[in-house]
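Structural overview for review
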Amino acid sequence: TKEYYPEQVGQGLEVDMKGSIMYLGNRNEETFLKEAKFLAQGRFVATGSDCGHLFIWNKSSGDVVRKIRADAHVVNGLAPHPHLPLIVTCGIDSDVKVLDLGDVEFRPARSS
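Residues numbered from 1 in each chain as written. Predicted model: local features only at pLDDT ≥ 70, side-chain atom pairs only at ≥ 80, totals over all residues. Heavy atoms only, no water.

1. What about the sheet that holds strand β8 (residues 86–91)?
Read across the open sheet, the three strands follow the order β7-β8-β9; overall the sheet is antiparallel. The sheet is open, and its two borders are formed by β7 (75–80) and β9 (96–100), each paired with just one other strand. Taken over all neighbouring pairs, the strand axes of this sheet differ in orientation by 25° on average, direction set aside. Taken together, the five bridges between β7 and β8 define a ladder with antiparallel strand orientation. Its bridge partner being in β8, Ala79 is matched across the sheet by Val88. (Pairing = 2+ DSSP bridges. Helix = DSSP H or I, 4+ residues; strand = E, 2+ residues; numbered from the N terminus. Axes fitted to C-alpha atoms, helices over the stretch in contact; angles between N-to-C directions.)

Structure follows, in structure tokens:
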């Protein structure tokens, strides 16, 4: 198993010796990752995070293409619409959110 250090978080794609791909940037320290989903005919990977964001990566490059605030605390559930660029998220907040992802041809997120 390859180890990752805090300075590496958010640097994108890592490939271990067996060819498995790891997507970096999200954080699950207080809770465990409950699910990850493919979006847009499998071109993207999405999951929630303990920081309250929904993360979307380009499946092939590992680039974070969207980071969306989706909960005040933790995003631990998500369900993409099968045909539209919509995703439902839930977390510790008392509400469920329907997010419009807009352009399904996601562009790389800009560094802040």
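2. With respect to the pairing of β9
Across the two faces of β9 the burial differs, with Lys97 and Leu99 buried and Val96, Val98 and Asp100 not buried at all. The sheet contact formed by β8 and β9 spans five bridges and is antiparallel. Paired with Leu86 across the two strands is Asp100, which belongs to β9. Linkage of β8 to β9, two consecutive antiparallel strands, is achieved through a turn of four residues. (Buried < 20%, exposed > 50% of the residue type's maximum accessible area, 1.4 Å probe, protein only.)

3. Quick word on the environment of Lys37
Following the sequence through the fold, Lys37 ends up in strand β3 (residues 36–39). Here the alpha-carbon distance between Lys37 and Leu78, two residues 41 residues apart in the chain, equals 7.7 Å. When residues no more than four places from it in sequence are discounted, the contact partners of Lys37 are Phe44, Val45, Ala46, Leu78 and Pro80. (Contact = heavy atoms within 4.5 Å.)

4. Quick look at the sheet that holds β3
Pairing is antiparallel in the open sheet, where four strands are placed in the order β3-β4-β5-β6. Whereas interior strands pair on both sides, the edge strands pair on one side only; in this sheet they are β3 and β6 (64–69). Within this sheet the neighbouring strands show an average axis-to-axis angle of 20°, counted without direction. With five bridges connecting them, strand β4 (residues 44–48) and strand β5 (residues 53–58) associate as antiparallel partners.

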